[in-house]
Amino acid sequence: MRSWLFAPGDSERKMDKALGGPADIVILDLEDAVAIPRKPEARRMVVDFLAANAGHGGRIWVRVNPLDGEWTATDLDAIMPARPGGVLLPKAEGGADVEALDALLTPLESAHGIEPGSTPVAALVTETAAAMFGTGTYRGAPRLVAMTWGAEDLADSVGALDNTDGEDRYRPTYELARSLCLLGAAKAGVPAIETIMGDFRDLDGLRVRAEQVRRDGYRGMLAIHPAQVEVINEAFTPSAEEVSEAREIVDLFEANPDAGTIGWRKGMLDRPHLSRARQLLAQLDE
């Protein structure tokens, strides 16, 4: 779940290009990337693409339209027979929205020979003002495997003229959204996924941002252009040095099972260091 690459659902060329690259997850978009008059055609194209690439299994996801609109059920009716690898729910305002999506998905899975409950869901959790107050309500939500956040729709929701300062840093409201997503995901026990970086040409800036949010606790990042994917994959892959140190920490505590703290070449270690080392090593198996 390091890289999540969007591709417009009404562009066969862009969907092909996205799938042909190294993105961990390709998200075929039926929402913001598709104009309203094009949505019926996009549904048809996404279904055809899923059917033609069934061998890619869980790698191809679909972003449906939000629950507060008129197209979610239509999107799901169209795509579920083609067995998408997962569903990205935009403009989620709390765990209850994931439960509502689950209620739509379950009968469709049964109708099309899919094991009920097996289609995973990721939620975009800060795209409205109301959603900001619901980021801590996703624990126990059915199907949920990741949470991510959005700054552009949030800016629209609050009537902002911009969401960054003069140096392309998010203003406080949007840094708060990033933090609330991270905290909500930790409470829910799922990975937090960083939002997009709109300037797809600034790969150096992307690397800096991806490395920083990974240190904060994020486990992957959304991408809007194939050129961003390799940078994201590299940034969210534990380095050989990190893996070596994590194994060293685990080995130290295993050799001293009754110790609460242990002296180490880089300072004093305690149980939170052991937990973080184990979490990093667990990423190697994901």
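Scroll up to find the structure.
Throughout what follows, the structure given in this document is the object of discussion.

Here the focus is the overall build of the protein chain. When helices and strands are counted, the protein chain shows 11 helices and 10 strands. By the compact-globule yardstick of 19 Å for 286 residues, the protein chain fits well, its C-alpha radius of gyration being 20 Å. Across the 286 residues that make up the protein chain, the buried fraction comes to 48%. A fraction of 66% describes how many contacts in the protein chain between residues 6 or more apart in sequence connect residues 24 or more apart. Of note, the protein chain has its 30 positive side-chain charges centred 3 Å away from the centre of its 46 negative side-chain charges.

With that out of the way, let us pick up the sheet that holds strand β7 (residues 192-194). Taken in spatial order, the 8 strands of this closed barrel run β1-β2-β3-β4-β5-β6-β7-β8, and their pairing is parallel. Ignoring which end each strand starts from, the neighbouring axes of this sheet average 30° apart. Judged from the 4 bridges that link them, strand β2 (residues 25-29) and strand β3 (residues 60-63) form a sheet pairing that is parallel. Its bridge partner lying in β3, Asp29 is registered against Arg63.

Before going further, it helps to spend a moment on the packing of aromatic side chains. As enumerated under the stated definition, the model contains 3 aromatic pairs in all. Between Tyr170 and Tyr174 the ring centres are 6.5 Å apart and the planes differ by 40°, which places this aromatic pair in the tilted class. Classification of Tyr170 by relative accessible area gives buried; the value is 14%. Grouped by ring-pair contacts, the aromatic residues Trp149, Tyr170 and Tyr174 constitute a single cluster.

The topology assignment puts Arg143 in the loop between α5 (129-132) and β6 (144-148). Side-chain polar atoms of Arg143 contact the side chain of Glu109, separated by 2.7 Å. Not counting the four nearest positions on each side in its chain, Arg143 is found in contact with Asp102, Leu105, Thr106, Glu109, Gly117, Ser118, Thr119, Pro120 and Val121.

The subject of this paragraph is the pattern of salt bridges. For side chains of opposite charge, pairing can occur when their charged atoms come near one another. Applying the stated criterion across every chain yields a total of 18 salt bridges. Residue Arg209 pairs with Glu194 through a salt bridge whose shortest N-O separation is 2.9 Å. Here Arg209, found in helix α8 (residues 203-216), pairs with Glu194, found in strand β7; they are 15 residues apart in sequence, far enough to count as distant. The pair formed by Arg209 and Glu194 is uniform in burial state, with each residue classed as buried. Of the charged contacts in the structure, one is a salt bridge between Arg265 and Glu248, with a shortest N-O distance of 3.0 Å. Of this pair, Arg265 sits in the loop between β9 (261-264) and β10 (267-270) while Glu248 sits in helix α10 (residues 240-255), and the two are 17 residues apart along the sequence. Taking the relative accessible area as the measure of exposure, Glu248 reaches 27% and is therefore partly exposed. Here the salt bridges do not stand alone but share partners, grouping Asp29, Glu31, Arg63, Lys91 and Asp153 into one network.

About the cut-offs
Residues numbered from 1 in each chain as written. Predicted model: local features only at pLDDT ≥ 70, side-chain atom pairs only at ≥ 80, totals over all residues. Heavy atoms only, no water. Helix = DSSP H or I, 4+ residues; strand = E, 2+ residues; numbered from the N terminus. Rg over C-alpha atoms; globule rule 2.2 N^0.38 Å. Buried < 20%, exposed > 50% of the residue type's maximum accessible area, 1.4 Å probe, protein only. Contact = heavy atoms within 4.5 Å. Lys, Arg positive; Asp, Glu negative; His and termini not counted. Charge placed at Lys NZ, Arg CZ, Asp CG, Glu CD. Pairing = 2+ DSSP bridges. Axes fitted to C-alpha atoms, helices over the stretch in contact; angles between N-to-C directions. Phe/Tyr/Trp six-rings, centres within 6.5 Å; stacked < 30°, edge-to-face > 60°. Polar contact = N/O pair within 3.5 Å; in protein donor to acceptor, adjacent residues only side chain to side chain. Salt bridge = Lys/Arg side-chain N within 4 Å of Asp/Glu carboxyl O.

Scope: geometric values only; no functional claims are made or implied.
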